[in-house]
Amino acid sequence: MTATGAPALDKFPAGFLVTDAERNITYANRYFETRFGFDPDALRGRNLLDLLSRASAIMCESYVFPLLLHERHCEEIQLVMLDAAGDEVPVIINAVSEEDKRIYWSVYSSTRRDRLYQDLVEARRTLEEKAAALKVLSATDELTGLLNRRELLRQSQSIIAGANRNQRPISVLVLDIDNFKQINDRWGHAVGDKVLEDLGRLLREHGRASDITARFGGDEFVCLLPDTDTDAARVFADRLHQIVRQVDSAGFKLTISIGLATETGDISFEGLFRKADKALYESKSTGRNKSSISPGGNDESGTNARSS
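None of the values given here were measured: they were computed from a predicted structure.

Q: Looking at this structure, how should I read the packing of helix H8 (residues 189–206) against helix H9 (residues 230–243)?
A: For any two helices packed against each other, the geometry is given by the interaxial angle and the distance between the axes. Running from amino to carboxyl end, H8 crosses H9 at an angle of 140°, the nearest separation of the two axes being 11 Å. On the basis of their axis angle, the class for H8 and H9 is oblique. Note that H8 runs across H9; the crossing there is right-handed. Taken together, the residues of H9 that come into contact with H8 (itself represented by Leu202, Leu203 and His206) are Phe236, Arg239, Leu240 and Ile243. Residue classes in the contact of H8 with H9 are distributed as 5 nonpolar, 1 polar and 1 charged.

The structure is reproduced here in structure tokens:
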């Protein structure tokens, strides 16, 4: 290394090393003092492998040196060096080998780059979590935790398409809370919200994983029951009448009215909902606290795939 070259190399924000055929250091610039705490002059004569962690020394022996022997250069190899205090510092090395087996090394610390990479990974994870949370919020009803109307309509498309393709029955239950306005008027909206929240929880707990349950609006709920005939849907409706008794309703008896419709083949959600909603009106107009079944469906008798 020339006398004029050494001061110039000392100004670079990276480490420069030269090793001989035995891999002993013959030159080191001042970067090794400012970044690693070594006196460059004291490094002369030391073996390069002494400055590396054990794993990095093995990496050099098994990969870097053979690569230099055959290719005469290597680029952007990540290793771990030990500073003067013995602490590990991640570094990126580039190297060129000469015919006389001298090797010229560039070394720079990658601590900040690794930290930046970790920050970017963490930022991406945070963004993904926020995106997932926003997706959940856009698909669910905040009060009950059930699907909202838009998500129900979206998911029903693929479910009904599969039922039509396989000629399997689908049932829809439309239900609402009897005299819900009186609950809000007498006990306040906080009690009304608690009733809706508790009912939503019970609907989630007592449905199958394949069922789609949504708050359709106000105190109206919809249950889409794939592979479920009229008899099985009726059993489920009867059970719903029983479980609403578990809702904390400030001392009054909570009841629901249900409308039920079933079809097989050429099903549309709009048609099923319209029939079930009409049956719900029948339940409410004839005394409430009951289930009514829409007539005229093309349900296949004898099919009962629903399990309780």
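Q: When you look at the environment of Arg239 in this model, what are you seeing that I'm missing?
A: For Arg239, the position within the fold is in helix H9. A relative accessible area of 24% means that Arg239 is categorised as partly exposed. The spacing of Arg239 and His206 is 33 residues in sequence and 8.9 Å in space, taken between C-alpha atoms. A polar contact is formed between the side chain of Arg239 and the backbone oxygen of His206, at a distance of 3.2 Å.

Q: Quick question: what am I supposed to make of the nonpolar core here?
A: One recurring pattern in soluble globular proteins: nonpolar side chains tend to sit buried together. Counting 28 residues, the largest nonpolar core has Ile93 and Trp105 as its most contacted members. Elements with a contribution of two residues or more to this core: strand E2 (25–28), helix H2 (31–34), helix H4 (54–71), strand E3 (73–82), strand E4 (88–97) and strand E5 (103–109). Take this core: its biggest share by element is 5 residues, from H4. Here Trp105 is in contact with Gly15, Phe16, Leu17, Thr19, Leu48, Val64, Phe65, Leu68, Ile93, Asn94 and Ala95, once residues within four sequence places are set aside. With 26 residues, the next largest nonpolar core counts Leu202, Leu203, Phe221 and Phe252 among its residues.

Q: Mind showing me how you'd approach the pairing of E5 here?
A: A regular strand places its side chains so that they alternate between the two faces of the sheet. Among the 7 residues that make up E5, 5 are buried, leaving the element largely enclosed by the rest of the structure. As defined by bridge partners, strand E1 (residues 15–19) adjoins E5 across 5 bridges and the pair is classed as antiparallel. Across the sheet, Phe16 pairs through a bridge with Ser106, a residue of E5. Two elements, E4 and E5, share 7 bridges in a ladder whose sense is antiparallel. Counted as the bridge partner of Val96 is Tyr104 from E5.

Q: Quick question: what am I supposed to make of H8 here?
A: Each α-helix winds once per 3.6 residues, and so residues spaced three or four apart point in a common direction. If you check H8, its first and last C-alpha atoms are 26 Å apart, about what 18 residues at 1.5 Å a residue would give, namely 26 Å. Those residues of H8 lying buried are Gly192, Val195, Leu196, Asp198, Leu199, Gly200, Leu202 and Leu203. Tucked into the core, H8 has its buried residues touching strand E6 (169–177), helix H7 (180–187), strand E7 (212–217), strand E8 (220–226) and H9.

Q: Help me out: how do you make sense of the environment of Asp219 in this one?
A: The residue Asp219 is located in the loop between E7 and E8 in this model. For the pair Asp219 and Asn179, spaced 40 residues apart in the sequence, the C-alpha separation amounts to 9.9 Å. Excluding anything up to four places from it in sequence, Asp219 contacts Leu175, Asp176, Ile177, Phe180 and Leu196. For Asp219, the side chain forms a polar contact with the main-chain nitrogen of Ile177, separated by 3.2 Å.

Q: What should I look at first to understand the pattern of salt bridges in this one?
A: Between side chains of opposite charge, pairing is possible as soon as their charged atoms come close. Tallied over the full model, the rule gives 15 salt bridges. Residue Arg154 pairs with Glu151 through a salt bridge whose shortest N-O separation is 2.5 Å. Of the two residues, Arg154 and Glu151 are both situated in helix H6 (residues 149–166); the distance of 3 residues between them amounts to about one turn of the helix. A salt bridge links Lys181 to Asp185, with the shortest nitrogen-to-oxygen separation between them at 2.8 Å.

Q: Mind showing me how you'd approach the packing of H7 against H8 here?
A: Where H7 contacts H8, the axes come no closer than 6 Å and their chain directions differ by 140°. It follows from the interaxial angle that H7 and H8 lie oblique. Residues Phe180, Ile183, Asn184 and Trp187 of H7 lie in contact with H8, whose contacting residues are His189, Val191, Gly192 and Leu196. Of the residues assigned to the contact of H7 with H8, the class counts are 5 nonpolar, 3 polar and no charged.

Q: What am I meant to see in unusual backbone geometry here?
A: Phi at Arg72 takes a positive value of approximately 70°, unusual for a residue other than glycine. As for its position among the elements, Arg72 is in the loop between H4 and E3. The backbone phi angle of Asp227 is positive, close to 55°, even though this residue is not glycine. As for its position among the elements, Asp227 is in the loop between E8 and H9. Residue Asp227 is classed as partly exposed on the basis of its relative accessible area, which comes to 27%.

Cut-offs used in this document
Residues numbered from 1 in each chain as written. Predicted model: local features only at pLDDT ≥ 70, side-chain atom pairs only at ≥ 80, totals over all residues. Heavy atoms only, no water. Axes fitted to C-alpha atoms, helices over the stretch in contact; angles between N-to-C directions. Helix = DSSP H or I, 4+ residues; strand = E, 2+ residues; numbered from the N terminus. Parallel < 35°, antiparallel > 145°, perpendicular 65-115°, else oblique. Left-handed = near helix turned anticlockwise from the far one by under 90°. Contact = heavy atoms within 4.5 Å. Nonpolar A, V, L, I, M, F, W, Y, C, P; charged D, E, K, R; others polar. Buried < 20%, exposed > 50% of the residue type's maximum accessible area, 1.4 Å probe, protein only. Polar contact = N/O pair within 3.5 Å; in protein donor to acceptor, adjacent residues only side chain to side chain. Core = buried A, V, L, I, M, F, W, Y, C linked by side-chain atoms within 4.5 Å. Pairing = 2+ DSSP bridges. Expected span 1.5 Å × (residues − 1). Salt bridge = Lys/Arg side-chain N within 4 Å of Asp/Glu carboxyl O.

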